[in-house]
Amino acid sequence: MRLRVAAALVGLALYLVVVPFVFRESRYLLGILTTASVLSLISLGVWLTFAIGRINIGQAAFALVGGYTTAILSVKLGVSFWLCLPASGLAAALVGAVIGWPILRLKGVYFAMITLTLSEAARLAALNGGTITQGATGILNIPLPGEVTFAGVVLVPAFRALNVHLAFYYLAAILLVLGLFTVTRIASCRLGWIFRSLRQDEALAASIGVNVAKYRVLAFALGCFFAGIAGAFFTVSQQSIYPSSFGVPDSVYFMLYCFLGGLSYVSGPVVGAFVLFLGFELLHGLREYQMLTYAAIMITMMLWLPNGLLSLRLPARPGMKADA
Amino acid sequence: MNYALIALGITLIFAIMGVLNFAHGQMYVLGGFVTYYVYGVFGLNYFVALAASAVTVACVGLVFERFLFRRVLRITTREESTMLLAAGTALLLDSLSLALFGEKQRGVAPVVAGVYEVFGAFVPASRALIFVLAGGLVSALLLFIQYTRPGRALRAIAQDKETAALQGVDIDRYSALGFALGAALAGLAGGLLVTVFAVNAGAGTPISIKAFIMIMIGGAGVVSGAILGAFVLGFSEALGYFFIPGSTTYLMILVGLIVFLIFRPQGIMGKPWG
């Protein structure tokens, strides 16, 4: 146990101190790592729905909700990014709870298919949102995060005044660490056991007094919260959002990250997102064959490691690896 | 009718293998391209082209089943893994057709010229031909499944795999047949529709989504449900585009679908949970 904590701390130090220090001038690498971190955060949300035995391919819809919340709040109402971020997460979670309540009654492929159509529906809704979402032109010129002061002390300086890439890297890293910590805590406390019981048998869980409907909506909404936060992050770091910012393919990718990392592990989605996304970027040199090679590698991985990358680690104990 | 072909193909694969074929739309695109090349570029007979589409895509399906899905189904600990594999194959086919055929929109000239007048509406002869062909294929497939020995084996596997195996049905062989048949249907649909709507390499995902919508309406894994779902989607699309043009139509269809599934989660004809 102590060894694990130590390993986690070393990983954390590597991630938060060494990497940004070494690559502080390399915009491209920092950008990739930032994106990978936030993709991991979204995938963690997908993993939460996996934890209750549902395949969620609608995560892009909630990322879109989060992204548009931030865009609209910050551009039209001039709200600070630091308020927009939680607001986006809450908005996505709220939408997730409202939609999730009815559709979580579905199981298996039905749920997968309905969430897939949800991704498409969200894109169309944004496209037809009139003046609120500005249709296909999207919302542009979203301001960078400003400074945060508390009692005269500058807690977070304005991003404009800093190395922007480094600032976003830290924001992404902190969000991911917080997210991972939350999910790890959830997985190991009573809530995690409830979620696992839901995955194995909902009827049985109900028979021992678990409020099935309540807990599955909770898990789903929490997953959506992550998507909303990540959506807000991407919106601000790219300073724009379009209906096609998050689409069906993105939803499928988030699901794939979880799968390839390993569904039995909390850190599975994180590992999956980092490995796959970095791998995809490494194949950049292949140009038009990038996609092709990537898909081939993915299928090969699937053939040899159908239970995820982390299943390589033996003996496997679920939910223990702490950092990517 | 063409939608029915697509929906039938995906339902067939789902019922027999328990695999949600994400690559269905991509197979459709592949079929469209084969027809485009054989008929549009090389100038062979249209029916030859259709057959070529069906055979090519069936082979692709066969290869996928034999080398990918069968292995993963055997060694995985979670059944959802096949979905990942299906999504992976979809990506593969997507990028393959982009690399092979380029990103241009490809269409072919109508097969037959002329226009019929049916109850005061004008129907181009080529569309009528496609309608008849698709109808014929759907009926042929239904007859095949209902009355022949392989068809019976397929139905048996769909109902209960273990029991079917106990009765001496060769699961491996018929799973391959089912997968190839489902893929061939996607290829045929692509070959038929390329004469009306052109195809391009990126058209796969929307088609897959439509296929999912259809089997959700009808009920997954049920043949009659697939056909019904196809008609429901076809009509609501046509009516929707007539009254409210633009992409709002699809939004309405999707919202309607979600509301419908709240009341009847297993679709019109489906058994609970497929």
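Criteria and cut-off values
- Residues numbered from 1 in each chain as written.
- Chains lettered and ligands numbered in written order.
- Predicted model: local features only at pLDDT ≥ 70, side-chain atom pairs only at ≥ 80, totals over all residues.
- Helix = DSSP H or I, 4+ residues; strand = E, 2+ residues; numbered from the N terminus.
- Contact = placed C-beta atoms within 7 Å.
- Buried ≥ 20, exposed ≤ 12 C-beta atoms within 10 Å, placed from the backbone.
- pLDDT = per-residue confidence, 0-100.
- Expected span 1.5 Å × (residues − 1).
- Axes fitted to C-alpha atoms, helices over the stretch in contact; angles between N-to-C directions.
- Parallel < 35°, antiparallel > 145°, perpendicular 65-115°, else oblique.
- Nonpolar A, V, L, I, M, F, W, Y, C, P; charged D, E, K, R; others polar.
- Left-handed = near helix turned anticlockwise from the far one by under 90°.
- Core = buried A, V, L, I, M, F, W, Y, C linked by C-beta atoms within 7 Å.

## Looking at the overall build of chain B
Along chain B, the regular secondary structure elements total 11 helices and 2 strands. Starting at the N terminus, the α and β elements of chain B follow one another as α-α-α-α-β-β-α-α-α-α-α-α-α. Counted over contacts in chain B with a minimum sequence separation of 6, partners at least 24 positions apart contribute 74%.

## Quick word on the overall build of chain A
Along the backbone of chain A there are 12 helices and 2 strands. Relative to its full complement of 324 residues, chain A shows a buried share of 52%. The long-range fraction of contacts in chain A, counting pairs at least 24 apart against all pairs at least 6 apart in sequence, stands at 78%.

## Here's the deal with the environment of Ala-92 of chain A
All names here are of chain A. Within the secondary structure, Ala-92 sits in helix α4 (residues 81–103). According to the C-beta neighbour criterion, Ala-92 is buried, with 32 such atoms within 10 Å. Sequence spacing of Ala-92 and Phe-225 is 133 residues, and the spatial spacing of their C-alpha atoms is 5.5 Å. In this structure Ala-92 touches Phe-62, Val-65, Gly-66, Cys-224, Phe-225, Ala-227, Gly-228 and Gly-231, once residues within four positions along its chain are discounted.

## Concerning the confidence of the model for chain A
Residue and element names in this part refer to chain A. A residue-level look at chain A finds 84% of positions with pLDDT of 70 or above and a mean pLDDT of 76. The least confident element of chain A, judged by mean pLDDT, is strand β2 (residues 153–156) at 62; the most confident is helix α9 (residues 212–238) at 85. Every residue in residues 314–324 is under pLDDT 50, and counting partners more than four places away or in other chains gives 27 contacts.

## Examining helix α5 (residues 108–127) of chain A
Spanning 20 residues, α5 of chain A covers 29 Å between terminal C-alpha atoms, matching the ideal 28 Å at 1.5 Å per step. With 18 of 20 residues buried, α5 of chain A is to be regarded as a mostly interior element.

## Focus: the packing of helix α5 (residues 125–147) of chain B against helix α6 (residues 149–159) of chain B
All names here are of chain B. Two elements in contact, α5 and α6, have axes separated by 5 Å at closest approach and are oriented at 80 degrees. If you check the angle between α5 and α6, you find them roughly perpendicular. Along its contact with α5, which presents Phe-144, Ile-145, Gln-146 and Tyr-147, the element α6 presents Gly-151, Leu-154 and Arg-155. Per-class residue counts for the contact of α5 with α6 are 4 nonpolar, 2 polar and 1 charged.

## Some points on helix α2 (residues 24–41) of chain B
Residue and element names in this part refer to chain B. Between its terminal C-alpha atoms α2 stretches 25 Å, which fits the 26 Å expected from 18 residues at 1.5 Å a residue. When you tally the buried positions in α2, you get 15 out of 18 residues, the bulk of the element. Phi turns positive, to about 75 degrees, at Gly-43, one or two residues after α2.

## Points about the packing of α5 of chain A against helix α9 (residues 204–218) of chain B
Contact pair α5 of chain A / α9 of chain B: the axes reach a minimum separation of 10 Å and the direction vectors enclose 130 degrees. Comparing the axis directions of α5 of chain A and α9 of chain B gives the class oblique. Considering the relative orientation of α5 of chain A and α9 of chain B, their crossing is left-handed. From α5 of chain A, Tyr-110, Met-113, Ile-114, Leu-116, Thr-117 and Glu-120 of chain A reach across to α9 of chain B, where they touch Ile-209, Phe-212, Ile-213 and Met-216 of chain B. For the contact of α5 of chain A with α9 of chain B, a count of residues per class yields 8 nonpolar, 1 polar and 1 charged.

## Some thoughts on the nonpolar core
Counting residues in hydrophobic clusters, the biggest one holds 210 residues, and the most contacted among them are Ala-7 and Leu-8 of chain B. Examining the composition of this core, we find that 16 residues originate from one element, α9 of chain A, more than from any other. With sequence-adjacent residues up to four places away left out, Leu-8 of chain B is seen in contact with Val-138, Leu-141, Leu-185, Val-223, Ala-226 and Ile-227 of chain B.

## What about the confidence of the model for chain B?
Residues and elements named next belong to chain B. Of the residues in chain B, 81% reach a pLDDT of 70 or more, and the chain-wide mean stands at 76. Taken element by element, the predicted model of chain B shows its lowest mean pLDDT in strand β1 (residues 115–118) (64) and its highest in helix α8 (residues 171–193) (82). In the predicted assembly, ipTM is 0.70 and pTM is 0.78.

## So, the environment of Lys-161 of chain B
Residue and element names in this part refer to chain B. As for its position among the elements, Lys-161 is in helix α7 (residues 161–166). Using a count of 16 C-beta atoms within 10 Å as the deciding quantity, one classes Lys-161 as partly exposed. In this structure the C-alpha to C-alpha distance between Lys-161 and Ile-171, which are 10 residues apart in sequence, comes to 7.6 Å.

## What to know about the environment of Trp-82 of chain A
Here Trp-82 of chain A shows up in helix α4. Sequence spacing of Trp-82 of chain A and Phe-168 of chain A is 86 residues, and the spatial spacing of their C-alpha atoms is 13 Å.

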